[in-house]
2 protein chains.
Amino acid sequence: MSSSHWEEFYATHLPPNCFEDNRSLLKEFCDRHFKLESNIVLITSGGTTVPLEHNTVRFVDNFSAGNRGSASAEYFLDQGYAVIFMYRTKSLEPFSRHFTGQQLLDMLELHEEGMSTTITVKPDSVDVLAPILDKYKNAQETNRMLYITFTSVVDYMWLLRAACECLAAFERNALLYLAAAVSDFYVPQDEMPTHKIQSGHGAPTISLQLVPKMLAPLVSLWVPLAYVVSFKLETDENLLIAKSRESLNKYKHKLVIANILQTRKNRVVFVTQNKTYDVLLSKEQAHKGQEIEEQIVSDVVDRHQEFIREGEMQQLQQQQQ
Amino acid sequence: MSSSHWEEFYATHLPPNCFEDNRSLLKEFCDRHFKLESNIVLITSGGTTVPLEHNTVRFVDNFSAGNRGSASAEYFLDQGYAVIFMYRTKSLEPFSRHFTGQQLLDMLELHEEGMSTTITVKPDSVDVLAPILDKYKNAQETNRMLYITFTSVVDYMWLLRAACECLAAFERNALLYLAAAVSDFYVPQDEMPTHKIQSGHGAPTISLQLVPKMLAPLVSLWVPLAYVVSFKLETDENLLIAKSRESLNKYKHKLVIANILQTRKNRVVFVTQNKTYDVLLSKEQAHKGQEIEEQIVSDVVDRHQEFIREGEMQQLQQQQQ
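Everything numeric here is computed off the predicted structure, so don't read it as measured data.

Undergrad: Outline the overall build of chain A, supporting the account with residue identities and numerical values.
TA: Counting its regular elements, chain A contains 10 helices and 15 strands. By the compact-globule yardstick of 20 Å for 321 residues, chain A fits well, its C-alpha radius of gyration being 22 Å. Projected onto the principal axes, the alpha-carbon positions of chain A cover approximately 75 × 70 × 45 Å. Evaluated residue by residue, chain A yields a buried proportion of 54% over its 321 residues. Sequence separation of at least 24 residues holds for 72% of the intrachain contacts in chain A that already meet a minimum separation of 6. As presented, chain A carries roughly 14,800 Å² of accessible surface, and 49% of it is formed by carbon and sulfur atoms. Of the side chains in chain A, 31 bear a positive and 40 a negative charge, and the two mean positions are spaced by 5 Å.

In structure tokens, the structure reads:
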């Protein structure tokens, strides 16, 4: 399957369970925010899996805990956006990401008074927890956040297209922030064994195929007017900018945010059609607990708003002609 | 590398970062509980990864959220055991496993009174949270739980052996409950590319090698007197018992707990040298919120205690002769 044959991918891979439920949720969320004239962002986050067996015991995974996506979601909410957060099951979620494992349990205190039991947050943890909890409740009360989960690359493909179908109506007001680490390779369904591969037969060789690049139909067909941002993660600095520019030339979207695995929390490179510049988090900022995602989102929002204004100007000019 | 060449595996794979720190923690924990004459269990939980690149972006993973291991840890604590919980980073942990993602945040209420802010657990969530929090605090206060994390199969191998070195002194009082889903295959370090595999060069073929079965040296050399339980997960019912018995004959340990991927929450099969029997969770029990791990642990503890008594009897007989 060549990388342009995205239609064949959908034709040969069934939609995931709950696909129709998710599609309804997406439609309801988008319709509501369309009426409210909200700015809206689709964030994808976390890695996709490629199962090696139909009854999946083993799979190839892409490294991504979902830090970038889940942190960015909070900052997009701060900027007034409605957020569709499409993320890998069990990867980090906004708000709860601040407390991994048993950290929240450690903040709690049990009080037994006679027959009555109460649980409170320890006073010295309130300062940390209160602002996060406040923002979490606010996102809930204003219904500005929709959570959608995927696991495999096939789930991701179906949900991404469904989200785009709902976002198309927003035209330039839609922002796509594609931070998920999507598998490049997969095992075709007809070459996949039904049962767990048995180690007694010796070590297997896994033949992988290229996953079609969905950015092509996404930009040219599904949401042709939206502001589309993709991410590029490399481990080799020498390839980073060249590969980002190659992607931009090929898919004609607006922005690639490039980063190196080892330095991704302190530095990203913004690559647009005509510019390349660094966004950095200084050591002082990091020590103060600031996150680079705050700056990334602020910069992306500025570019998106400028893009919206350009569209309005173009419309005005067309009306005047 | 044949499956018996476990020594070569250690010789060619460096120990993970923080290995010495973890070894000290294991030693301190085991020494303390040895003096207390505690029963002790090593639980391994979650899946191991096999990196496909040195700067790891992609890896092969084994399916395991860590449900079995993390639930079992709580029941072993209930039974008075000291617990070494050796688990995959970010897989489920005892206690916090009951609250995934944002569930704990949903239980919290923010109160602002003038300048003072407090956070409490909503009254209708206290009933659910209090007993879990109580057990969590108890495990902390009695220092009966040690957490050790791994990610790759190489980390796992090094930590498993280090734990065994500390557990050997417990002789029959040590229980090994090896619930982790360990990779059967890996990519040898010298065949691994340094940087992220580039999709532009076409889809790669990954050649995997067999991971040596550590159960062999573990049972025969590292903890020869301990009660060792392994787990067998299959998707094909027809292979389940045969493969469990094959494992038991090969490694000569005490018990295989066998389960089928699709039914693993309601049924397991205990396979010992001379018996095979089901442990089941009925629908009524499941509806009441009971977990099959409570029964599994109770049965395993009975067997372990019987095994300890047998050892004491043998010692007594030897002294009388």
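There is more to say, and it comes next.
Undergrad: Describe in detail the sheet that holds strand β12 (residues 227-234) of chain B, supporting the description with residues and values.
TA: Residue and element names in this part refer to chain B. Spatially, 8 strands are ordered β7-β4-β1-β8-β12-β13-β14-β15 in an open sheet, and the strand pairing comes out mixed. Two strands close off the open sheet at either side, each with one partner strand: β7 (145-150) and β15 (276-280). Averaged over all pairs of adjacent strands, the angle between strand axes in this sheet comes to 20°, irrespective of strand direction. Lying on the sheet, helix α2 (residues 19-35) is in contact with β1 (40-45), β4 (82-88) and β7; it crosses β7 at an angle near 155°. This element, helix α6 (residues 153-167), spans β1, β4, β7 and β8 (174-178) of the sheet and lies at about 175° to β1.

Undergrad: Talk me through the interface of chain B and chain A; I want residue IDs and the actual numbers.
TA: Counting residues at the interface gives 63 residues for chain B and 64 residues for chain A. Buried surface at the junction of chain B and chain A, summed over both partners, amounts to about 5,700 Å²; 61% is from carbon and sulfur atoms. It is Q102, L105 and I119 of chain B in chain B that bury the most area against chain A; as a group they hold 12% of the surface buried on that side. At the boundary of chain B and chain A, one finds 0 salt bridges. Per-element tally for the side of chain B that touches chain A: the top contributor is helix α5 (residues 123-141) of chain B, with 8 residues. Partitioning the side of chain B that touches chain A into residue classes produces 31 nonpolar, 18 polar and 14 charged. Across 5 bridges, strand β3 (residues 58-62) of chain A lies against strand β3 (residues 58-62) of chain B in antiparallel orientation. Paired with R58 of chain A across the strands is N62 of chain B, a residue of β3 of chain B.

Undergrad: Break down the confidence of the model for chain A for me, with residues and values.
TA: On average, residues of chain A carry a pLDDT of 90, and 92% of them reach 70 or more. This prediction of the complex comes with two scores: 0.84 for pTM and 0.81 for ipTM.

Undergrad: Explain the pairing of strand β14 (residues 267-272) of chain B to me, and be specific about the residues and the numbers.
TA: Residues and elements named next belong to chain B. Most of β14 sits out of view: 5 of its 6 residues are buried. Of the strand pairs in this sheet, strand β13 (residues 255-260) and β14 are connected by 4 bridges, and their pairing is antiparallel. Within β14, the residue paired with L255 across the bridge is T272. With antiparallel pairing between neighbouring strands as the criterion, β13 and β14 make up a hairpin whose turn holds 6 residues. Sheet topology places β14 next to β15; 5 bridges connect them, and they run antiparallel. Paired with V269 across the strands is D278, a residue of β15. In this antiparallel pair of consecutive strands, β14 and β15, the connection spans 3 residues.

Undergrad: Help me get a handle on the pairing of strand β5 (residues 108-113) of chain A, residues and values and all.
TA: All names here are of chain A. Here β5 pairs with strand β6 (residues 116-121) via 6 bridges, running antiparallel. Each bridged residue has a counterpart across the sheet, and for E113 the counterpart in β6 is S116. Between β5 and β6, which follow one another and run antiparallel, lie 2 residues, and G114 among them has a positive phi close to 60°.

Undergrad: Summarise the sheet that holds strand β8 (residues 174-178) of chain A; cite the residues concerned and give the values.
TA: Residue and element names in this part refer to chain A. Overall, mixed pairing links the 8 strands, which are arranged β7-β4-β1-β8-β12-β13-β14-β15 in an open sheet. Only two strands of the sheet have a single neighbouring strand rather than two, namely β7 (145-150) and β15 (276-280). Taken pair by pair, the neighbouring strands of this sheet meet at an average axis angle of 20°, ignoring direction. As defined by bridge partners, strand β1 (residues 40-45) adjoins strand β4 (residues 82-88) across 6 bridges and the pair is classed as parallel. Of the residues in β4, the one forming a bridge with T44 is M86. In this fold helix α7 (residues 215-222) packs onto β8 and β12 (227-234), with an angle of close to 170° to the strand it touches most, β12.

Undergrad: Please set out the side chain of S45 of chain B residue by residue, giving values where relevant.
TA: Topologically, S45 of chain B is positioned in strand β1. Setting aside its immediate chain neighbours within four residues, S45 of chain B contacts G66, G69, S70, F85, M86, Y87, R88, S91, F150, A179 and A180 of chain B.

Undergrad: Can you break down the pattern of salt bridges residue by residue, with the values?
TA: Here the structure, examined in full by the defined rule, presents 24 salt bridges over all chains. Across the salt bridge formed by R32 of chain B and E28 of chain B, the nearest N and O atoms sit 3.0 Å from each other. Placement of the pair is R32 of chain B and E28 of chain B together in helix α2, with a separation of 4 residues, close to one helical turn. The class for E28 of chain B is partly exposed, based on a relative accessible area of 43%. Ionic contacts of the salt-bridge type, sharing partners, join the residues E20, R23 and E165 of chain A into one network.

Undergrad: Please provide a residue-by-residue account of the nonpolar core, values included.
TA: One finds L218 of chain A together with L218 of chain B to be the most contacted residues of the largest nonpolar core, which totals 98 residues. Apart from the residues lying within four places of it in its own chain, the contact partners of L218 of chain A are L160, C164, L176, L178, V223, P224 and V228 of chain A. Counting 89 residues, the second-largest nonpolar core is a separate cluster that includes V83 and F99 of chain A together with V41 and L255 of chain B.

Undergrad: Could you give an account of the relation of the copies chain B and chain A, naming the residues involved and the relevant values?
TA: Once chain B is rotated about the relating axis by 180° and shifted along it by 0.0 Å, it coincides with chain A to within an RMSD of 0.0 Å. Each copy turns onto its partner about a two-fold axis.

What counts and how
- Residues numbered from 1 in each chain as written.
- Chains lettered and ligands numbered in written order.
- Predicted model: local features only at pLDDT ≥ 70, side-chain atom pairs only at ≥ 80, totals over all residues.
- Heavy atoms only, no water.
- Helix = DSSP H or I, 4+ residues; strand = E, 2+ residues; numbered from the N terminus.
- Rg over C-alpha atoms; globule rule 2.2 N^0.38 Å.
- Buried < 20%, exposed > 50% of the residue type's maximum accessible area, 1.4 Å probe, protein only.
- Contact = heavy atoms within 4.5 Å.
- Areas by Shrake-Rupley, 256 points an atom, 1.4 Å probe, with all protein chains shown as cover.
- Lys, Arg positive; Asp, Glu negative; His and termini not counted.
- Charge placed at Lys NZ, Arg CZ, Asp CG, Glu CD.
- Pairing = 2+ DSSP bridges.
- Axes fitted to C-alpha atoms, helices over the stretch in contact; angles between N-to-C directions.
- Buried area = accessible area lost by both parts, 1.4 Å probe.
- Salt bridge = Lys/Arg side-chain N within 4 Å of Asp/Glu carboxyl O.
- Nonpolar A, V, L, I, M, F, W, Y, C, P; charged D, E, K, R; others polar.
- pLDDT = per-residue confidence, 0-100.
- Core = buried A, V, L, I, M, F, W, Y, C linked by side-chain atoms within 4.5 Å.
- Least-squares fit on C-alpha atoms with pLDDT ≥ 70 in both.

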